[in-house]
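Coordinate inspection notes
In case you want the letters, here they are:
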Amino acid sequence: MRDLPKPMERYRHFKGRLYQVLMLATKEDTGETLVIYQALYGSYGIFARELSNFLSPVDREKYPDAVQEYRFEKVEEAEPVPQEEKESSEPQKSYEEEEQSFAAPQEESTPETEESASGEPLGIGAVLDARSIAKKKELLLSMRKTITSSEIDLAAMSIGVEIEDGPVEKRFEELLECLDTIGKYEIGRDRLKSE
């Protein structure tokens, strides 16, 4: 039996796209468990799927060329979101559309990923993977000129806050203020642990 998905875990769909689990929910009328998850590409669409379907094996008759054993497989947290997925502006497809358009991966050259001075990939994936508030802030500041409203929402969700709608610049500043506030408490907790 497979482990239940947990919030903030990343999963790869058998066609290669990355998703992040937001939560498990209960369907009111049937009591069925649903996985609520978000695409880590395009418009960062949010989806709901039955837990049994989310954890199911790939249909080998329908998709004989699929590489993965399961429809969604957990990936290591450190695995960055590919640059082409972060920059994709194509409209979000439903899973029915995606699964109908499935084809075996073709060999393509992947674009170089821009890296920071420390060699880490820049982008929202790196922010989500950062373990400390200071590192999240540093990475966000490097994205200041290119950050989108969706990326602000993802960064805010990763620290457990919600930033109200408004201009991107204002929302970005509010996110930085939240990080500063949380950072003060994070430092205090570290100090308490060492005493």
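The notes below deal with the structure included here. (Residues numbered from 1 in each chain as written. Predicted model: local features only at pLDDT ≥ 70, side-chain atom pairs only at ≥ 80, totals over all residues. Heavy atoms only, no water.)

Turning to the packing of aromatic side chains, a few remarks are in order. Per the stated rule, a full pass over the model turns up nine aromatic pairs. A ring pair is formed by Tyr19 and Tyr37, whose centres lie 5.7 Å apart and whose planes are at 80°; its orientation type is edge-to-face. Note that Tyr19 is positioned in strand β2 (residues 18-26) and Tyr37 in strand β3 (residues 33-39), a separation of 18 residues in sequence. Tyr37 carries the same exposure label as Tyr19, and that label is buried. Residues Tyr19 and Tyr41 carry aromatic rings whose centres are separated by 5.6 Å and whose planes lie at 80° to one another, so their mutual orientation is edge-to-face. One end of the pair, Tyr19, is in strand β2; the other, Tyr41, is in the loop between β3 and β4 (46-50), and 22 residues separate them in sequence. Given a relative accessible area of 2%, Tyr41 falls into the buried group. These aromatic residues form a ring-pair network of at least three members: Tyr11, Tyr19, Tyr37, Tyr41, Phe47, Phe54 and Phe72. Over the ring of Tyr41 we find Arg17, and its NZ or CZ is 4.0 Å from the ring centre. (Phe/Tyr/Trp six-rings, centres within 6.5 Å; stacked < 30°, edge-to-face > 60°. Helix = DSSP H or I, 4+ residues; strand = E, 2+ residues; numbered from the N terminus. Buried < 20%, exposed > 50% of the residue type's maximum accessible area, 1.4 Å probe, protein only. Lys NZ or Arg CZ within 6 Å of the ring centre and 35° of its normal.)

This part is about the pattern of salt bridges. Considering all chains together, one arrives at six salt bridges under this definition. Among the salt bridges present, the one from Lys74 reaches Glu9, with a minimum N-O distance of 3.1 Å. Of this pair, Lys74 sits in strand β5 (residues 72-74) while Glu9 sits in the segment before β1 (10-13), placing them 65 residues apart in sequence. A salt bridge links Arg171 to Asp153, with the shortest nitrogen-to-oxygen separation between them at 2.4 Å. Taken as a pair, Arg171 in helix α7 (residues 168-194) and Asp153 in helix α6 (residues 149-158) lie far apart in primary sequence, 18 residues in all. (Salt bridge = Lys/Arg side-chain N within 4 Å of Asp/Glu carboxyl O.)

A separate point is helix α5 (residues 133-142). Three or more residues of α5 are buried, namely Ile133, Lys136, Leu139 and Leu140. Down the axis of α5, the sector holding all buried residues measures 130°, keeping them to one side. (Arc of directions from axis to C-beta.)

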